[in-house]
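These are the residues of each chain, in order.
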Amino acid sequence: MSIALSSVWKVFTETKVKVEALKGVDLRIESGEFVVVLGPSGSGKSTLLNVTGGLDGVTEGEIRIADDVITAMSEKELMRFRRNRLGFVFQQYHLLSTLNVGENVETGAYGVKDSYPYSEVLRMVGLDGYEKKYPFELSGGEQQRVSIARALVKKPKILFCDEPTGALDEKTGKAILSLLKKLHEELSMTVVLVTHNASIAQIADRIIRMNSGYIVEDQRNEQKVSPDEIAWH
Amino acid sequence: MKSRGIRLYFLYVWRFMREKWLSFLLLGVLLFISGFVYTAIADSVGAFQAASEDYFEKTNQEDFVFEVSDTLDLTERERVFEECGITATSMSSLYREDRDCYMDIVHQRQDRLLAEFADIDLEARLAKDLTFAVEGDNYRMRILNDAETINKSHIEKGEAPGEGEIAITQNFARARGLSIGDTLELRDATYAISGFVLFPDYNLPIIDHVLLMDSTHQTLALLNDADFADFNVAPSMYFSGVLSATDGDSLEAAIDEGTYLELPFFERLILTENNVRSGAIYAEIEGSQAFALIFSLFIAALGLIIILMLLAKTIRASKRPFGVLKALGVPNRALIGPFLAVFGLYGLAFLLAGYTVGHIVAPPLQDLYRMFYLLPAGDVVFRPETFFVAILAPMVLLLSVTYWLLKRMFRLRPVDLIHPKLSDFAVVKFKRMRNAFARFSFLFRLQVAFIARHMGKFAVYVLGIVAAVYAGLLSFSMMGVLERTLPDYYENTSIVSKGYCEGLCTDEDEYGERVLEAPMQINGERAEIIGLSDGQSLHPLEDAAGNDLLGKLEEGLVISASFRDLTGFSRGDTVTLRVVGRELEKEIVDVATPYAGSQVFMDRSALGEWLFDDETAYNAVYADERLSEEAFASVVHVEDLLEHVASLHDVFNAFIFTIIGAALAVGLIVVYLLTVMTVEDHYYPLALFKVLGYDNKDIHRILLGGYEKANVVFFLLTIPIAVASFSFFRRWIAEMYEFLVPLQVLPLHVGIFAALFLLMTLLGTLSAKRRIKRLSLQEALAIYQE
């Protein structure tokens with residue numbers, strides 16, 4: 001499932017200071033790509049992920065996912081679109097503390113007809129047998145795996161990941177990246193991963209660099225490495 | 001998958017509630033109390049009201065009464081002399097001499113009153129009072145004539161009395177173990193109880209004093225007409241009236257213009273709604289309904305606000321996971337629905353439980369009312385309006401406000417839930433606060449800042465505290481209210497019995513000291529004039545400083561402190577006494593301290609001279625020993641009165657302690673919930689303070705210190721509010737019923753309640769303190785990060 005952004009502007013005006021987070025961004029991501037959006041803090045990379053994933057609106061421009069123009073959708077249509085097509089993983093795991101692992105995963109399958117059984121998706125993320133455990137009984141890496149399982153349970157066509165390893169140590173972070181890579185290959189999903197960590201970008205098919213709301217570089221990664229091989233910064 | 005998904009959100013809400021089970025249980029208790037109190041009172045009073053209205057309709061309850069003087073006016077005296085050849089000064093003495101002549105005067109008075117008011121009907125109400133014994137204990141009885149049209153008697157059980165029979169009230173019979181067929185000895189005659197009777201003009205069995213209303217210590221009674229006429233006691237009488245036409249204008253106009261005062265024998269007109277014995281039930285019904293509604297709404301509102309606070313807290317705590325779920329396409333209704341359903345079902349369960357128990361308790365509660373009120377019992381039935389107010393109204397409120405709150409929180413976009421923006425609102429508030437409290441210590445400013453961050457919560461806290469303190473003080477102010485009436489009065493005298501003669505006494509002074517008592521009007525205010533003599537030993541008269549005032553009676557009137565409070569008269573005022581067409585101007589020379597109702601003291605010789613042209617006249621004897629019933633028309637024994645008061649005292653105290661208990665319970669719940677919530681709301685600052693080296697005591701002072709200071713401030717502020725409102729309440733009762741309820745807020749009571757309140761606060765904050773102590777730093781910081 002491809003993604004196409006044309007002349008996308010995002011201006012925040014809630015505070016007294018007007019902030020232009022995206023300045024006329026044009027971008028196309030092909031179906032099945034593993035793309036890393038790289039940039040320092042404030043470069044607009046998370047805003048790019050939010051508007052592309054339909055979590056936030058745009059000020060100007062158009063975003064098309066496959067044949068659907070999501071910038072023309074109502075809140076309700078967007079919600080249904082996200083439910084059926086998109087998955088999200090964030091830096092913090094944001095699990096519901098009073099639900100166990102299996103239940104937390106199941107919350108991601110709300111209203112989806114064709115979803116994985118939660119045990120299967122837990123097996124995919126390496127948490128087989130963790131169904132009955134509660135979030136407080138898990139390590140940070142395990143919690144992130146649960147949040148990935150929650151995003152995957154509904155078989156999304158695109159997975160958006162916002163700094164998914166930001167709160168993890170090197171070993172766990174690499175394990176999560178390996179998992180994302182493995183799932184990408186096995187499930188043929190499009191993955192858009194946002195990070196400030198340049199070393200993570202080495203695992204991507206394509207690296208998009210952002211700065212001050214502009215895409216400053218967009219290139220195929222010819223020296224792709226496996227997550228285990230990257231030098232963690 | 002959809003229904004499974006929703007089930008999970010239900011599970012989430014349910015588990016959240018389970019985690020905070022004590023808070024939710026207490027909230028449930030509040031909702032239960034709300035439903036219970038309203039239903040119990042509304043259903044019992046409703047049943048009672050329906051039955052009473054029917055009863056009043058059937059028995060033609062009076063709309064008003066004309067009270068008339070026992071003293072004959074000059075025209076009447078002349079008529080009595082001319083028509084009957086009798087020299088009589090009072091109705092009582094005339095009754096003794098010639099009953100036909102007595103009835104002639106009654107009819108004449110009735111005609112004169114009817115001539116003044118065209119659209120009313122009147123009927124003479126005759127009452128014969130006596131003391132009688134059951135198994136050696138003395139009780140009071142008022143035998144009423146069997147009315148023909150107004151205030152008709154109602155036989156609750158058994159038969160109307162035939163010859164040699166009597167009907168009494170069921171309450172008295174039950175309390176004294178009397179049954180139909182048992183006999184009573186009344187003044188040497190024996191009567192068999194034929195049945196149990198009610199009179200619509202005596203909803204409260206008030207015979208001697210407005211505060212003596214215990215239906216187990218006195219009874220009303222009915223004899224047949226012949227036995228009533230033969231019963232050897234002179235009656236007191238008044239005229240019961242109803243508005244006969246659809247138009248009651250002339251009576252209303254008469255009340256406004258005061259024209260009815262022109263008849264010399266006329267004492268006063270009392271509308272039923274202002275008459276304690278016949279009309280207090282109306283105020284009771286209205287008061288009970290208002291109390292039930294206000295109390296239960298208040299409790300429900302407290303519960304509701306606290307539920308909403310907990311809800312807001314829950315959603316705030318799970319904002320980010322909910323944001324992710326929204327990002328994943330979970331619609332608002334899937335997130336809102338479970339909260340609404342679970343909270344709604346939870347609230348409904350407790351409200352329904354309260355309603356059900358209240359409905360079950362309504363019949364015994366009605367019986368409790370009927371321990372005081374002599375009224376027929378009604379059936380407690382399902383009343384849609386009770387169900388609506390007790391259940392549906394709180395539910396609609398709960399669900400709509402919950403829905404509004406959830407909608408408001410979930411209308412945010414997923415990204416705003418996942419990455420909430422910092423609001424400058426708290427900062428602005430804190431800045432303002434910092435300026436306003438710049439001169440205060442840092443600790444104090446911190447305490448204020450923590451309160452200011454959650455003003456809604458603080459408002460509920462204050463509301464709960466003020467309500468608890470107010471109810472507590474009200475209960476304490478009622479403590480000893482009965483003792484401050486008759487017992488205090490009699491404690492200051494050495495009177496054992498009071499004997500009343502029929503008309504004027506002749507040689508009964510061998511039994512005690514002479515006294516002349518007469519009801520009359522003073523500047524339009526009804527008063528009981530008591531003529532005493534200097535040198536009287538049994539009824540001393542003293543001012544607040546203990547100075548003897550008997551000697552001052554020669555100079556003018558001495559009024560009781562309660563009469564002063566009731567009327568506003570004060571020392572130095574010149575007032576006009578008025579009775580049966582005679583008028584006398586007198587100066588008020590002093591105020592006597594003991595509470596004594598509307599009593600006004602006057603020199604007996606001067607009173608006798610003015611009323612009867614006889615300075616030796618007296619109509620009562622005060623004795624320091626128990627007087628015989630045989631020697632007097634009626635006798636009042638102080639011991640019996642005090643026993644009567646004591647019997648009311650227990651019921652009263654049970655009522656007072658229940659309110660104090662309820663006030664403290666509500667206060668405890670509010671303090672517990674809100675202080676625990678405060679600690680939970682501030683886990684991060686709390687952890688931060690721990691990191692900075694504050695010990696538990698310091699943290700407790702910062703977080704809860706503000707609430708503790710608020711406790712003290714609002715406790716103290718509530719005292720003057722309570723005192724002022726009690727004073728208003730006293731005035732309102734005085735205007736309605738012409739007697740003062742001696743509510744008193746004593747420093748001792750404030751002290752005792754303050755101690756109880758302190759204990760309640762300590763218990764309430766115990767859990768919050770334990771949480772502060774228990775909190776691990778890691779956990780707090782983790783919660784913050786989450």
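Residues numbered from 1 in each chain as written. Chains lettered and ligands numbered in written order. Predicted model: local features only at pLDDT ≥ 70, side-chain atom pairs only at ≥ 80, totals over all residues. Heavy atoms only, no water.

1. Notes on the overall build of chain B
- What chain B contains, in helices and strands, is 24 helices and 19 strands.
- In terms of overall dimensions, chain B has a C-alpha envelope of 110 × 55 × 50 Å along the principal axes.
- Considering only residue pairs separated by 6 or more positions, chain B has 79% of its internal contacts joining residues 24 or more positions apart.
- Accessible surface computed for chain B: about 33,500 Å², of which carbon and sulfur atoms make up 57%.
- Here chain B contributes 68 positive and 102 negative side-chain charges, whose respective centroids are spaced 27 Å apart. (Helix = DSSP H or I, 4+ residues; strand = E, 2+ residues; numbered from the N terminus. Contact = heavy atoms within 4.5 Å. Areas by Shrake-Rupley, 256 points an atom, 1.4 Å probe, with all protein chains shown as cover. Lys, Arg positive; Asp, Glu negative; His and termini not counted. Charge placed at Lys NZ, Arg CZ, Asp CG, Glu CD.)

2. So, the interface of chain A and chain B
- Between chain A and chain B, the contact holds 34 residues from the first and 33 residues from the second.
- When the two sides are added together, the surface that chain A and chain B hide from each other amounts to roughly 3,000 Å², 61% of it contributed by carbon and sulfur.
- Taken as a group, His94, Thr98 and Tyr110 of chain A account for 25% of the area that chain A buries against chain B, more than any other trio of residues on that side.
- Seen at the junction of chain A and chain B, the total is two salt bridges.
- A salt bridge links arginine 413 of chain B to aspartate 56 of chain A; the shortest N-O distance between them is 2.3 Å.
- At the junction of chain A with chain B, the criterion picks out seven residue pairs in polar contact (both at pLDDT 80 or more).
- Class assignment for the residues of the side of chain A that touches chain B results in 14 nonpolar, 10 polar and 10 charged. (Buried area = accessible area lost by both parts, 1.4 Å probe. Salt bridge = Lys/Arg side-chain N within 4 Å of Asp/Glu carboxyl O. Polar contact = N/O pair within 3.5 Å; in protein donor to acceptor, adjacent residues only side chain to side chain. Nonpolar A, V, L, I, M, F, W, Y, C, P; charged D, E, K, R; others polar.)

3. Details of the packing of helix H3 (residues 74-84) of chain B against helix H5 (residues 99-116) of chain B
Residues and elements named next belong to chain B.
- Their axes nearest at 11 Å, the elements H3 and H5 cross at an angle of 135°. The pairing of H3 with H5 is recorded here as oblique in orientation. Considering only the axes of H3 and H5, their crossing is right-handed. On the side of H3, the interface is formed by Glu76, Arg79, Val80 and Cys84, while H5 contributes Cys101, Asp104, Ile105, Gln108, Arg109 and Arg112.
- Tallied by class, the residues present in the contact of H3 with H5 amount to four nonpolar, one polar and five charged. (Axes fitted to C-alpha atoms, helices over the stretch in contact; angles between N-to-C directions. Parallel < 35°, antiparallel > 145°, perpendicular 65-115°, else oblique. Left-handed = near helix turned anticlockwise from the far one by under 90°.)

4. A closer look at the side chain of lysine 23 of chain A
All names here are of chain A.
- With respect to the helices and strands, the residue lysine 23 is situated in strand E2 (residues 19-29).
- One buried charged residue, lysine 23, remains without a salt bridge, the closest side chain of opposite sign being glutamate 20 at 4.4 Å.
- A distance of 3.1 Å separates a polar atom in the side chain of lysine 23 from the backbone oxygen of serine 212.
- If we ignore the near neighbours within four places in the chain, the residues touching lysine 23 are Val8, Trp9, Ser212, Gly213 and Tyr214. (Buried < 20%, exposed > 50% of the residue type's maximum accessible area, 1.4 Å probe, protein only.)

5. Comments concerning the domain arrangement of chain B
Residues and elements named next belong to chain B.
- Annotation of chain B at the domain level lists domain 1 (1-60 + 279-421), domain 2 (124-244), domain 3 (454-488 + 639-786) and domain 4 (504-618).
- The C-alpha-based centres of domain 3 and domain 4 are spaced at 46 Å.
- The partner domain 4 presents six residues to the seven residues of domain 3 that form the contact.
- Note on domain 3 versus domain 4: buried area summed over both sides is about 600 Å², and carbon and sulfur give 62% of it.
- Where domain 3 touches domain 4, the interface holds zero salt bridges.
- Viewed at the interface, domain 4 and domain 3 are joined by zero residue pairs in polar contact (both at pLDDT 80 or more). (Domains from an automatic or database assignment.)

6. Comments concerning helix H19 (residues 604-612) of chain B
Residues and elements named next belong to chain B.
- Within H19, burial applies to Arg604, Leu607, Gly608, Trp610, Leu611 and Phe612.
- Looking at the packing, one finds that the buried side of H19 touches H3, strand E12 (513-522), strand E13 (525-532), strand E15 (574-579), strand E16 (582-592) and strand E17 (599-603).
- Where H19 terminates, the next one or two residues include aspartate 613, which has phi positive at roughly 55°.

7. Some details on a nonpolar patch on the surface
Residues and elements named next belong to chain B.
- Together, Leu668, Leu759, Leu763 and Leu766 make up an exposed nonpolar region whose accessible area comes to about 340 Å².
- Element by element, the count of residues in the nonpolar patch is highest for helix H23 (residues 747-774), at three residues.
- One can find leucine 759 in helix H23. (Patch = residues over 30% accessible without salt bridge, like charges linked within 9 Å, V, L, I, M, F, W, Y side chains within 5 Å.)

8. A look at the pairing of strand E7 (residues 158-162) of chain A
Residue and element names in this part refer to chain A.
- Taking burial as the measure, the five residues of E7 include five buried ones, the bulk of the element.
- Where burial is concerned, the two faces of E7 agree: the one with Ile158, Phe160 and Asp162 and the one with Leu159 and Cys161 are both buried.
- Relative to E7, strand E6 (residues 86-89) runs parallel, the two sharing four bridges. Across the sheet, residue glycine 87 finds its bridge partner in E7, namely leucine 159. (Pairing = 2+ DSSP bridges.)

9. Observations regarding unusual backbone geometry
- Despite not being glycine, serine 188 of chain A shows a phi value in the positive range, around 55°.
- Relative to the elements of secondary structure, serine 188 of chain A occurs in the loop between helix H6 (170-187) and strand E8 (190-195).

10. Looking at the pattern of salt bridges
All names here are of chain A.
- Enumeration over the complete set of coordinates arrives at 36 salt bridges over all chains.
- A salt bridge links glutamate 33 to arginine 206, with the nearest nitrogen and oxygen atoms 3.0 Å apart. Note that glutamate 33 is positioned in the loop between E2 and strand E3 (34-38) and arginine 206 in strand E9 (residues 206-211), a separation of 173 residues in sequence. Of the two residues, glutamate 33 and arginine 206, both sit in the buried class.
- Among the charged side chains, a network of salt bridges with common partners joins Glu33, Arg206, Asp218 and Arg220.

11. Digging into the sheet that holds E9 of chain A
Residues and elements named next belong to chain A.
- Taking strand neighbours across the sheet as the criterion, the six strands line up as E6-E7-E8-E3-E9-E10 in an open arrangement whose pairing is mixed. The open sheet has two free edges, formed respectively by E6 and strand E10 (214-220), since each of these has just one partner strand. Averaged over all neighbouring strand pairs, the angle between strand axes comes to 15°, with direction disregarded.
- Where E3 meets E9, four bridges bridge the pair, whose relative direction is parallel. Residue pairing across strands places valine 35 opposite arginine 206, the latter belonging to E9.
- The sheet contacts of helix H2 (residues 75-85) involve E6 and E7, and relative to E6 the element is tilted by about 80°.

12. A word on the sheet that holds strand E5 (residues 68-69) of chain A
Residue and element names in this part refer to chain A.
- One open sheet accounts for four strands, arranged E2-E1-E4-E5; its pairing is antiparallel. Two strands bound the open sheet, and with one partner strand each, they are E2 and E5.
- Looking at chain direction, strand E1 (residues 3-12) and strand E4 (residues 60-65) are connected through five bridges and run antiparallel. Residue pairing for E4: isoleucine 3 is matched across the bridge by isoleucine 65.

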